[in-house]
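Structural overview for review
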Amino acid sequence: MTAIQTSGLGKVYTKRLTRKVVALKDLNLEVERGEIFGFLGPNGAGKSTTIKLLMNLIRPTTGDAKILGIPVTEASSRKKLGYLPEEPNYYGYVTAKELLEMVGRIHGLSGPEIEKQSTEILSFLDLPFEKRRTIAGFSKGMVQRVGLAQAIFHDPEVVVLDEPMSGLDPPGRKLVADLMLRMRDQGKTIFFSTHILHDVEVVCDRIGIITGGQLRFCGTLAEVISETFSSYEVVLRKVQPEQVRNLKAKGFAAKTFEDNVKVDVSKEDLPSFVDAFVQHGTELVAIEPKRFTLEDFFMGFIDSAEASSRRT
Ligand SMILES: Nc1ncnc2c1ncn2[C@@H]1O[C@H](COP(=O)(O)OP(=O)(O)O)[C@@H](O)[C@H]1O
Ligand SMILES: [Mg+2]
């Protein structure tokens, strides 16, 4: 069964009665059970809008969404669902433990279950247990971790996290990544949004790239790597100067580096290129695949989205 499914999901906000903002357009997404899905996009891309639609906090203009096969308009879709909002905000006068007790009671957990869960989660997320420390005195990173604790408190099957790493320092980010991997190992599904590339590289099974309210790419990191693969860098030694001139004349990017010559060669040209040089007594030092980074891949979508928004 699919954990999260959207079909034709779209949202248009109306500002001051007349101005319309197309925040999300025709989103068709399927997140399988047991995967970590990273929803990657720049600010204003439509990530939080999608997440609020999944949580039924706002109503769609088009399409619909389901969690574990149940339409999000039914309250039962949220029984096995945990949610971390973009900017978690809690009563300042309660302690982390008191907040979790309340969350546990809302979810119908027993007293001993609440006690066991809060001890485990508070210690895993490195949050204070003491009665004296109320949330009002917490740093932004601590509030973020309280938010995570309440999202996973009832041991949900599906967790939706809106920018879970924001406001966290590197150890905090690692903690969240470890938490996600631990949950995935328990068979849970995690859907999280981020604008930080590194976050998706660390934990994701699949990623979706959204810009300007539209999903531009959806696939595994391995697919990203193959899409970003561009050519090979071939390193040769004992190349005659006239051969280098020939290469440049044929349009190859050849750089001389001490005794070596580095040449960019496409996938298609590689076999004939190598054959030709080896037959002439040239030494082959290395053949290395060259690829764009995930950052180049991501920026490509942003640049093309900006170009198309300028055209409209
Ligand atoms: N309540 C709202 N009213 C009007 N426009 C909104 C509202 N919420 C979001 N938007 C607009 O919708 C677009 C997508 O926003 P959002 O989903 O918050 O993006 P992200 O989470 O990717 O940064 C942005 O252009 C934003 O300004
Ligand atoms: Mg957002």
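Now for a quick tour of the structure. (Residues numbered from 1 in each chain as written. Chains lettered and ligands numbered in written order. Predicted model: local features only at pLDDT ≥ 70, side-chain atom pairs only at ≥ 80, totals over all residues.)

**Digging into the site of ligand 1**
Taken together, the residues surrounding ligand 1 are Y13, K15, V21, A23, G41, N43, G44, A45, G46, K47, S48 and T49. Residue assignment for the shell around ligand 1 shows that the elements contributing at least two residues are β1 (2-15), β2 (19-32) and α1 (47-54). Within the shell around ligand 1, the residues separate by chemical class into four nonpolar, six polar and two charged. (Near = placed C-beta within 6 Å. Helix = DSSP H or I, 4+ residues; strand = E, 2+ residues; numbered from the N terminus. Nonpolar A, V, L, I, M, F, W, Y, C, P; charged D, E, K, R; others polar.)

**Looking at the sheet that holds β2**
Pairing within the open sheet is antiparallel, and its four strands lie in the order β2-β1-β4-β5. Looking at the sheet topology across the chains shown, the edges are occupied by β2 and β5 (70-71). The sheet contact formed by β1 and β2 spans ten bridges and is antiparallel. If you follow T6 over to β2, its bridge partner there is L29. (Pairing = 2+ DSSP bridges.)

**Focus on the environment of E223**
By secondary structure assignment, the location of E223 is in helix α7 (residues 221-228). On the neighbour-count criterion, E223 (13 C-beta atoms within 10 Å) is partly exposed. Considered as a pair, E223 and A149 are 74 residues apart in the sequence and their alpha carbons are 33 Å apart. (Buried ≥ 20, exposed ≤ 12 C-beta atoms within 10 Å, placed from the backbone.)

**Some words on helix α9 (residues 270-279)**
A small share of α9 lies buried, amounting to one of its ten residues. Downstream of α9 by a residue or two, G281 has a phi angle that is positive, lying close to 80°.

**Focus: the sheet that holds strand β3 (residues 36-40)**
With mixed pairing, six strands are arranged side by side in an open sheet as β6-β7-β8-β3-β9-β10. The sheet terminates laterally at β6 (81-84) and β10 (214-220), the two strands that pair on one side only. With strand direction ignored, the average angle separating the axes of adjacent strands in the sheet is 15°. Pairing between strand β9 (residues 206-211) and β10: six bridges, direction antiparallel. Pairing of T211 across the sheet is with Q214, part of β10. (Axes fitted to C-alpha atoms, helices over the stretch in contact; angles between N-to-C directions.)

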